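# Coordinate inspection notes
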Amino acid sequence: MRLFAVLLAAIMSAVISVPALAAPTAEQTVRLEALKAAADAIDPAAETERNYAAWEAALAYAKSIYPYDHPEVVNVDAELAIPEYYRGDVEAAIARTERSVEALSLHLPEYRAALISSQNALVVFYMKTGRTADAVNMADAVLAQRRAQHTAAPDDPTAMKQLGAALLNAANAANEVGAYERSVSLIDEAVTIAPRLKGTVPGAIQWYAMRPIYLDRAGQPERAFRAALEAVEAGKAMLPERHQFQALLNNTLGGLAAKRGLLADAEAAQRRAVDIMQDVGPERQETYSYQATLAGTLIARGKPEEALALLESVIPPLEDQLGPEADNVLLAKRHLGEAHLAIGNLEAARTSARAVLDVHEAINEAAHRDRLAASSLLARIEERAGDPAAAYAAYHPAQEARRAVFPEENADRIAGEVRLGQLAAAAGVGDPRWALAAADRLAALRHELAASGQLAGESLAEIDEGLVWALEAALLTNDPQDVFTAAARLLPTRADRAVRAAALRMELGPAARAELRVVQDRREERLRLSRMYLSELANGASPARLAELNGRISALRADDADAVAAGLATEDALPTLTAVQNSLTSGEALLLAVPARDHTAIVLVQPDNVVVRASPLAACDVAVLVADARAALGVDGAARGVLANMPGSAAAFNFQPVSALHDALLGGNIAHALEDVRHLRIAASGALSRLPFAMLAPRPASGTLSDADWLIRHRSLSTVVSLSALPAAAGPAETRAGRVVAVGAPNFSGLTPGGQAVLLRSAGASRLEDLPPLPAAAAELAAIATAISARDTVLLTADGADEASVSAALTPPADVIAFATHGLLEGEIAGLSEPALALSPSAGGDGFLTASEIAALDMDAAWVILSACNTGGPDRTDAAGLTGLASSFLYAGARNLLVSHWQVADDVAADLTVPTVRGAVTGDRDAAEALRQAMLALIDSGDARKAHPALWAPFVHVGTGSRTYTR
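Treat the numbers as computed from the prediction; the structure is a model and nothing was measured.

## Observations concerning the overall build of the chain
- When its secondary structure is counted, the chain shows 39 helices and 16 strands.
- By the burial criterion, 58% of the 967 residues in the chain qualify as buried.
- Of the contacts formed within the chain by residues at least 6 apart in sequence, a portion of 72% connects residues at least 24 apart.
- For the chain, the accessible area works out to roughly 35,600 Å², and carbon and sulfur atoms hold 53% of it.

## Some words on the side chain of glutamate 286
- Its place among the elements puts glutamate 286 in helix α15 (residues 285-300).
- If we ignore the near neighbours within four places in the chain, the residues touching glutamate 286 are Tyr85, Tyr86, Gln244 and Met277.

## Digging into the packing of helix α8 (residues 132-152) against helix α9 (residues 157-176)
- Here α8 crosses α9 at 150°, and the two axes come no closer than 8 Å. Comparing their axes, α9 and α8 come out roughly antiparallel. You can see that α8 and α9 cross each other, and the crossing is left-handed. Touching Thr132, Ala135, Val136, Ala139, Val142, Leu143, Arg146, Arg147, Gln149 and His150 of α8 are Ala159, Met160, Gln162, Leu163, Ala166, Leu167, Asn169, Ala170, Ala173 and Glu176, all from α9.
- A per-class count over the contact of α8 with α9 returns 12 nonpolar, 5 polar and 3 charged.

## Some points on the sheet that holds strand β7 (residues 739-746)
- Read across the sheet, 11 strands follow the order β3-β2-β1-β4-β5-β15-β14-β13-β9-β7-β8 without closing on themselves; strand pairing throughout is mixed. Looking at the sheet topology across the chains shown, the edges are occupied by β3 (609-615) and β8 (792-798). Going from strand to strand, the sheet's axes swing by 20° on average, the running direction of each strand aside.
- Contacts from helix α36 (residues 885-892) reach β9 (814-820), β13 (861-867), β14 (896-900) and β15 (955-959), with the element oriented near 170° to β14.

## Notes on the environment of aspartate 846
- Looking at where aspartate 846 falls in the secondary structure, it is placed in the loop between β11 (836-838) and β12 (848-850).
- On the basis of relative accessibility, which here comes to 46%, the residue aspartate 846 falls in the partly exposed class.
- Taking C-alpha positions, aspartate 846 is 8.8 Å from aspartate 802, a pair spaced 44 residues apart along the chain.
- For aspartate 846, the residues in contact, after removing those within four places along its chain, are Leu768, Glu803 and Pro841.

## A short note on the packing of aromatic side chains
- In this structure the tally under the stated criterion is 8 aromatic pairs.
- Three or more aromatic residues link up through ring pairs in this structure, and these residues are Phe653, Phe655, Trp710 and Trp952.
- A cation over an aromatic ring shows up here: arginine 419 above the ring of tryptophan 469, its NZ or CZ 3.6 Å from the ring centre.

## Digging into helix α33 (residues 775-788)
- Here α33 has its buried residues at Ala777, Glu780, Leu781, Ile784, Ala785, Ala787 and Ile788. Angularly, the buried residues of α33 cover 165° about the axis, an arc narrow enough to put them on a single face.
- Following α33 by one or two positions, serine 789 has its phi on the positive side, about 55°.

## Here's the deal with the environment of asparagine 137
- Looking at the element boundaries, asparagine 137 is found in helix α8.
- Separated by 14 residues in sequence, asparagine 137 and valine 123 have C-alpha atoms that sit 8.8 Å apart.

## Re the nonpolar core
- In this structure, Phe125, Trp207, Tyr214, Leu311 and Tyr533 are the most contacted members of the largest nonpolar core, which totals 111 residues.
- Residues contacting tryptophan 207, with those up to four places away along its chain left out, are Met160, Lys161, Gly164, Ala165, Leu168, Ile187, Ala190, Val191, Ile193, Ala194 and Leu197.
- Core analysis: the second largest hydrophobic core is formed by 78 residues, Leu604, Ile682, Ala787 and Val917 among them.

## Thoughts on the pattern of salt bridges
- Under the definition given, this model contains 58 salt bridges.
- The salt bridge involving arginine 271 is made with glutamate 267; its shortest N-O contact spans 2.8 Å. Highlighted residues: arginine 271 and glutamate 267, both in helix α14 (residues 263-280), separated by 4 residues, approximately one helical turn.
- Taking relative accessible area as the criterion, arginine 271 reaches 33% and is therefore assigned partly exposed.
- Look at glutamate 267 and you get buried, because its relative accessible area is 7%.
- The partner of arginine 402 in a salt bridge is aspartate 412, with the nearest N and O atoms 3.2 Å apart. Here arginine 402, found in helix α20 (residues 388-405), pairs with aspartate 412, found in helix α21 (residues 411-427); they are 10 residues apart in sequence, far enough to count as distant.
- One continuous salt-bridge network, built from bridges that share partners, spans Glu525, Arg528, Arg545, Glu548, Arg552 and Glu834.

## What about unusual backbone geometry?
- In this structure, proline 109 follows leucine 108 across a cis peptide bond, with omega equal to 5°.
- Tracing the backbone shows proline 109 in the loop between α6 (90-104) and α7 (112-128).
- A positive phi is found at alanine 798, a non-glycine position, where the angle reads about 50°.
- Relative to the elements of secondary structure, alanine 798 occurs in strand β8.
- Positive phi, normally seen in glycine, also occurs at leucine 882, with a value near 70°.
- By the element assignment, leucine 882 lies in the loop between β13 and α36.

## Structural notes on helix α13 (residues 244-259)
- When the terminal C-alpha atoms of α13 are compared, their 23 Å separation across 16 residues agrees well with the 22 Å that a helix rising 1.5 Å per residue should span.
- Most of α13 is tucked away, with 13 of its 16 residues classed as buried.

## Details of the pairing of β15
- Within β15, 5 of the 5 residues are buried, which leaves the element mostly enclosed by the surrounding structure.
- Of the two faces of β15, both are covered, the one formed by Phe955, His957 and Gly959 as well as the one formed by Val956 and Val958.
- Pairing of strand β5 (residues 716-720) with β15 involves 2 bridges; the strand directions are parallel. Looking across to β15, one finds that threonine 719 is bridged to valine 958.
- Sheet analysis places β14 next to β15, joined by 5 bridges and oriented antiparallel.

## Brief notes about the sheet that holds β12
- The 3 strands lie next to each other as β10-β11-β12, forming an open sheet whose pairing is antiparallel. Of all the strands in the sheet, just β10 (823-824) and β12 have a single pairing partner and so form its edges.
- Here β11 pairs with β12 via 3 bridges, running antiparallel. The residue bridging alanine 838 from the neighbouring strand is phenylalanine 848, located in β12.

## Comments concerning the environment of asparagine 51
- Inspection of the secondary structure puts asparagine 51 in helix α3 (residues 48-65).
- Residue asparagine 51 is classed as buried on the basis of its relative accessible area, which comes to 3%.
- Distance in space between the C-alpha atoms of asparagine 51 and alanine 41 is 8.5 Å, their sequence separation being 10 residues.
- Setting aside chain neighbours within four positions, we find asparagine 51 in contact with Ala39, Ile42, Pro44 and Pro83.

## So, the packing of α9 against helix α10 (residues 180-193)
- Packing of α9 against α10 leaves a shortest axis separation of 8 Å and a crossing angle of 160°. As far as their axial angle goes, α10 and α9 are roughly antiparallel. Pair α9 / α10 crosses with left-handed handedness. The residues of α10 that touch α9, namely those facing Met160, Leu163, Gly164, Leu167, Leu168, Ala170, Ala171, Ala174 and Asn175, are Tyr180, Arg182, Ser183, Leu186, Ile187, Glu189, Ala190 and Ile193.
- Taken together, the residues of the contact of α9 with α10 break down into 12 nonpolar, 3 polar and 2 charged.

## A short note on the pairing of β9
- Where burial is concerned, most of β9 is hidden: 7 out of the 7 residues are buried.
- The pairing of β7 with β9 spans 5 bridges and is parallel. Within the sheet, the bridge partner assigned to valine 740 lies in β9 and is valine 816.
- Sheet analysis places β9 next to β13, joined by 6 bridges and oriented parallel. Along β13, the bridge assignment pairs alanine 820 with serine 867.

## Re the confidence of the model for the chain
- Of all residues in the chain, 89% attain a pLDDT of 70 or more, and the chain-wide mean is 85.
- Ignoring residues within four places in sequence, the model shows residues 560-572, a span with pLDDT below 50, making 21 contacts including any to other chains.
- Within the model, pLDDT remains below 50 along residues 750-760, and this stretch shows 28 contacts once partners closer than five positions in the same chain are excluded.

Calculation criteria
- Residues numbered from 1 in each chain as written.
- Predicted model: local features only at pLDDT ≥ 70, side-chain atom pairs only at ≥ 80, totals over all residues.
- Heavy atoms only, no water.
- Helix = DSSP H or I, 4+ residues; strand = E, 2+ residues; numbered from the N terminus.
- Buried < 20%, exposed > 50% of the residue type's maximum accessible area, 1.4 Å probe, protein only.
- Contact = heavy atoms within 4.5 Å.
- Areas by Shrake-Rupley, 256 points an atom, 1.4 Å probe, with all protein chains shown as cover.
- Axes fitted to C-alpha atoms, helices over the stretch in contact; angles between N-to-C directions.
- Parallel < 35°, antiparallel > 145°, perpendicular 65-115°, else oblique.
- Left-handed = near helix turned anticlockwise from the far one by under 90°.
- Nonpolar A, V, L, I, M, F, W, Y, C, P; charged D, E, K, R; others polar.
- Pairing = 2+ DSSP bridges.
- Phe/Tyr/Trp six-rings, centres within 6.5 Å; stacked < 30°, edge-to-face > 60°.
- Lys NZ or Arg CZ within 6 Å of the ring centre and 35° of its normal.
- Arc of directions from axis to C-beta.
- Core = buried A, V, L, I, M, F, W, Y, C linked by side-chain atoms within 4.5 Å.
- Salt bridge = Lys/Arg side-chain N within 4 Å of Asp/Glu carboxyl O.
- Expected span 1.5 Å × (residues − 1).
- pLDDT = per-residue confidence, 0-100.

If you want it as structure tokens, here you go:
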């Protein structure tokens with residue numbers, strides 16, 4: 001601060017007397033200017049060493065024609081600080097620049113411009129090393145002078161670039177002290193300058209790159225996401241593909257993706273950033289910083305061991321280059337604490353978190369975002385260590401700081417109120433309903449943001465995190481209404497949105513329905529394209545492709561906001577507990593299973609009773625158990641495709657994860673309440689949405705798999721994807737025309753289907769034409785049609801199962817639509833960017849009926865049977881189950897689904913689908929009971945292979961709550 005005051009006084013007064021300057025010859029001056037221009041033309045970020053060498057050459061010549069302390073020499077010497085900074089030697093850059101500032105301040109006003117340039121550089125260096133107060137003061141002084149220069153010469157490119165750089169630095173300084181609105185205003189001004197500059201200006205990319213960060217921190221998530229896309233477009237247009245600032249853009253976009261829960265996309269973008277920086281300079285501080293950012297995403301994706309190893313390798317060199325108080329160093333150390341916490345090393349986690357918080361408390365304001373995050377981490381560690389009072393003490397000051405700085409409607413502030421209330425209740429110093437009241441505000445904010453179009457992708461991380469803590473608080477009350485409400489708020493996924501959208505349309509007349517469908521379709525397409533953009537960016541899509549996608553997104557964004565709001569506002573929130581109870585019949589129950597941070601909330605709702613259980617399994621524990629259960633089935637990872645030789649003994653099947661989930665979810669008071677339940681509807685979130693509950697069972701003492709006490713033995717099961725559909729009023733039964741559409745057994749290669757049967761209806765190939773035929777599929781479809789005795793059957797197989805024929809057949813109303821083909825997840829076939837069903841390729845179609853193409857259909861189908869692999873899978877990696885093909889069919893108009901959670905054996909599929917459809921449509925029994933009986937028939941068939949849950953358990957019945965029909 002003292003240095004700044006001295007320098008500022010010198011700038012303003014300019015009264016110091018200095019000796020007359022020596023004058024070189026005109027020829028020498030021209031040569032020096034040429035050397036300076038040549039050095040200035042070299043991008044220091046992309047070609048650091050070449051830039052440094054060029055400025056060294058200019059400095060050597062300047063010293064040959066001027067005295068060593070001449071301001072011209074000082075000015076050239078100052079330029080070496082920039083490549084030093086990009087080398088990672090920030091302290092050397094600071095020392096060099098401070099010397100130049102002190103020397104140049106003696107030669108005003110002639111060297112005022114050079115002095116300001118050095119001061120502007122110091123702002124960056126100070127920010128990088130945590131000297132925030134010095135940076136803020138100097139940034140404001142520099143900005144005032146740059147504005148004056150630009151006002152005097154508004155069309156001068158140099159003045160424009162210098163003003164833009166000053167605006168960026170001032171915005172960064174404002175952001176560091178929590179003045180988010182000011183940082184947005186400043187960076188917006190900088191971005192307006194960029195289009196006026198001629199040619200490539202690498203520095204301008206930083207203006208674009210930082211804008212989404214500041215917008216996001218200012219609570220403007222939609223503008224932030226748009227700005228991130230614009231930044232990528234600008235980078236593609238202005239810079240080489242492997243330029244350092246391309247890494248900055250990818251890192252920024254990855255951070256925004258992570259905030260929306262798009263963790264796979266975030267990891268891909270951040271890995272791309274690290275990959276680019278490895279080429280630029282593997283030992284540069286940016287490379288280490290981006291690796292630390294990547295580590296944070298790895299922790300969120302459940303990869304703490306990988307993150308820990310990465311952090312332990314980058315923190316020492318990063319600290320050597322930037323110093324212990326630098327923001328990036330503190331961020332890396334905070335992630336180190338998070339990694340230790342995720343692994344269970346509580347003492348190491350506490351040590352890291354406490355050290356980081358101590359530094360922040362010494363150098364940063366109370367509301368500094370990283371100081372708040374460090375406080376939150378320490379509170380989490382103390383809570384995990386069993387000391388809720390210490391956790392509350394750690395978190396309380398952070399929330400006080402949020403209240404002082406953030407507006408009342410800020411999502412982070414409201415989420416903080418939820419967390420503080422939950423910690424207060426756990427510590428015995430507050431009522432948990434304090435947290436629940438704040439959660440009501442948070443849920444209202446989420447609804448408001450969605451209805452007004454303020455969310456570009458998924459829910460904001462702050463909101464989701466707050467609602468998770470609200471569930472933990474509700475469990476402390478043990479009040480069924482509180483726990484039901486808190487758990488239900490965490491259930492909605494894309495599948496829920498699809499059901500609500502379709503139900504809303506059905507309430508309207510034809511004209512209004514068509515109008516609303518247009519609004520809904522544009523929103524869904526916008527979300528799909530936004531996710532696709534992130535995915536393709538991470539995979540190195542061309543500038544032309546990204547520009548095309550961004551153009552399509554922008555066109556969809558031009559929708560009338562009022563129309564969008566009107567269409568979404570009527571998509572009501574959750575039903576009441578009483579309404580759900582009234583929708584259930586005797587012998588029926590609804591089970592909510594929702595993993596939270598430290599527990600899994602179980603709510604069993606019956607017509608006259610509600611039972612609550614707080615399972616000790618945290619969300620991370622549930623994820624591990626579900627992954628292990630799927631591994632035991634042989635349907636994930638390296639074990640995929642082993643369904644051909646399933647053993648029949650219980651000893652050969654790993655019951656540990658299955659029994660652990662059974663006991664945690666269905667034990668205790670839940671087990672007692674289930675005794676009289678004949679039909680159980682299940683609404684599960686997180687990892688639980690990817691596992692059929694039918695295969696849950698206690699660990700058997702011995703025997704065969706057919707002897708195991710599977711949950712399906714005791715009651716029928718249905719999957720609920722939208723609670724809002726449950727209380728639908730029962731109207732008169734539908735009278736249907738008895739129409740069936742059966743599609744499958746496609747001809748992938750143009751040859752007549754035949755040959756050896758394949759076991760699995762999943763990809764197993766890199767191209768569509770390499771997919772093997774499915775000889776049992778045609779017989780399955782014929783059996784379905786025969787079982788229903790439909791008056792009108794449309795059978796599309798072999799070459800007839802092409803896109804055009806299938807799309808045309810799906811539009812008229814149908815009792816049953818059945819597919820028997822290969823089901824494909826995103827990426828299973830080269831170039832496939834979303835889930836799809838495989839059809840026969842034709843001149844007018846590529847052979848893929850994709851999720852987005854299905855969603856675009858206008859269907860009226862009582863039943864859709866998807867007898868293919870993974871048709872109940874996610875729309876992308878890390879997403880919840882039933883968000884891919886299942887969601888698309890529900891959105892298009894299907895009311896009941898039969899979908900699979902993993903590979904389907906071609907020779908077994910018909911044993912499950914045909915009886916289920918027969919029972920559901922002919923009225924012999926309801927769909928869930930029909931599926932249950934089909935499963936039991938396989939388990940008890942005497943065939944040891946078919947008794948394995950990998951064969952009998954993949955399918956689940958998904959019902960929307962809509963009424964059934966008679967024919």
